[in-house]
Amino acid sequence: MNQFQQAAQEGLCLRYPDSIPQQREITYETAVNLLLRGTAMAATVPFSWSYIDKPSDGTLLLLYLPLNSPFPIDGVRYQESEFKFTIPAGPRELEIHEIKYGFIPGSADSNASRVRRRYRLLKGGSNQFVLVHYTRGPVTHIPPALMHQPTRAYPLRPINEPSVYVSGDKLGQKAFPPGPMHGASGRRERERERERAAQRADPAAGRPPQQRVVEDEDSGDEVDQISTRTLALTRYKRNHEWMNEVFHQAAFGKSFATEPKPSPYSIFSKSDLEEKTTKLQAELEALQSKSAQQKQTKSVNLKQQSQGT
């Protein structure tokens, strides 16, 4: 038998810890909205173990109650059987359990008129959460034999169970109150809970650490055949020789030229340049002579034209 079933037999239930404002009547739409909001908040708020005992009119409770789980004793005696029905609620389906003609034995109730309604989303939401509403309804008389017959044994035992997350990533984890835990059993329970949480977060936690295999660039045969000191000296000498070659090549690998650099004009021949210069000078003089003749001819023509007119 798990903790939930054992607690249910004692009349305990997992309940949303914050109080919901009392309402005389609620609509189906209100019930659906409260169930959806409560389901969303359950992922971050742990539910508390508590009793439902002699609730007042208008009380609203949000419980974690899986399907087919019996409803806990609430201190109210009812004179009829509970019946259920379902109704469509938009894209969702809402299940309703209703029981009437209730009274609290040994109280000031002079008639049986208490009503309890339970709402659960079968479709379009989580079916593990139940919204419970206590109100008033039709009236009937109370049999004298039941007037002072309680539905449970009193006094109720103190509740020592810690709160529990019923949804989300922390599902099943216990939430201990802040401050030191009293008693050795409480400390052991807290330590076990931490170990279970660590194992859920890291499945490899708690296993003996595996030995690291040291890998080396040298083969295993070399290590087995020579001692550690000899191997270290050999590696040092080999590395020293490599570095010596590197620095020697960097310092003396290239010889510097001692011969003077050739003149940038050494690619030209002086005789060729003089010959080309003479040729260009002759061509220039011929062009200048031709240009002077053309100017003289043009001047004579212009003079003759002016005399003829």
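Just so you know, these numbers come straight off a predicted model, no measurement behind them.

Within the protein, the secondary structure is distributed over six helices and ten strands. Within the protein, the proportion of its 309 residues that are buried is 27%. Of the contacts formed within the protein by residues at least 6 apart in sequence, a portion of 66% connects residues at least 24 apart. Summed over all atoms, the accessible surface of the protein reaches about 22200 Å², with 53% contributed by carbon and sulfur.

Under the definition given, this model contains 15 salt bridges. In this structure, Arg 152 and Asp 53 form a salt bridge, with 2.9 Å as the shortest nitrogen-oxygen distance. Of this pair, Arg 152 sits in the loop between β8 (129–140) and β9 (163–164) while Asp 53 sits in the loop between β2 (48–51) and β3 (60–64), placing them 99 residues apart in sequence.

What follows concerns the side chain of Ser 163. Along the chain, Ser 163 falls in strand β9. Of note is the side chain of Ser 163, whose polar atom sits 3.2 Å from the side chain of Ser 48.

Here we take up the environment of Arg 92. Within the element layout of this structure, Arg 92 appears in strand β6 (residues 92–103). Overall, Arg 92 belongs to the partly exposed group, its relative accessible area being 27%. For Arg 92, the residues in contact, after removing those within four places along its chain, are Val 32, Leu 36, Ile 87, Leu 121, Lys 123 and Gly 124.

This paragraph deals with helix α2 (residues 28–41). Over its 14 residues, α2 runs 20 Å from end to end, which matches the ideal 20 Å to within 8%, given 1.5 Å per residue. Lining the buried residues of α2 we find β3, β5 (83–89), β6, β7 (112–123) and β8.

Attention shifts here to the pairing of β7. Among the twelve residues of β7, nine are classified as buried, and the element is accordingly described as predominantly covered. Bridging between β6 and β7 involves eight bridges; their strand directions are antiparallel. By the bridge assignment for β7, Glu 93 is matched with Lys 123. As judged from the seven bridges shared by β7 and β8, these two strands associate in the antiparallel manner. Following the sheet pairing, Arg 117 is matched in β8 by His 133. What sits between β7 and β8 in their antiparallel hairpin is a turn of five residues, with Gly 124 showing a positive phi close to 80 degrees.

Here the focus is the confidence of the model for the protein. Per-residue pLDDT for the protein has a mean of 82; in total, 75% of the residues score no lower than 70. Scored below 50 in pLDDT, residues 213–219 makes three contacts in the model with residues more than four places away or belonging to other chains.

The way to describe two aromatic rings as a pair is by their centre distance and the angle between their planes. Counting across every chain of the model gives four aromatic pairs. Ring geometry for Tyr 16 against Phe 47: centres 5.9 Å apart, planes inclined by 70 degrees, an arrangement best described as edge-to-face. Linking Tyr 16 in the loop between β1 (12–15) and α2 with Phe 47 in the loop between α2 and β2, this pair joins segments that are 31 residues apart in sequence. Each of the two residues, Tyr 16 as well as Phe 47, counts as buried. Looking at Lys 54, its charged tip hangs above the ring of Tyr 154, at a distance of 4.8 Å from the centre.

Basis of the calculations
Residues numbered from 1 in each chain as written. Predicted model: local features only at pLDDT ≥ 70, side-chain atom pairs only at ≥ 80, totals over all residues. Heavy atoms only, no water. Helix = DSSP H or I, 4+ residues; strand = E, 2+ residues; numbered from the N terminus. Buried < 20%, exposed > 50% of the residue type's maximum accessible area, 1.4 Å probe, protein only. Contact = heavy atoms within 4.5 Å. Areas by Shrake-Rupley, 256 points an atom, 1.4 Å probe, with all protein chains shown as cover. Salt bridge = Lys/Arg side-chain N within 4 Å of Asp/Glu carboxyl O. Polar contact = N/O pair within 3.5 Å; in protein donor to acceptor, adjacent residues only side chain to side chain. Expected span 1.5 Å × (residues − 1). Pairing = 2+ DSSP bridges. pLDDT = per-residue confidence, 0-100. Phe/Tyr/Trp six-rings, centres within 6.5 Å; stacked < 30°, edge-to-face > 60°. Lys NZ or Arg CZ within 6 Å of the ring centre and 35° of its normal.

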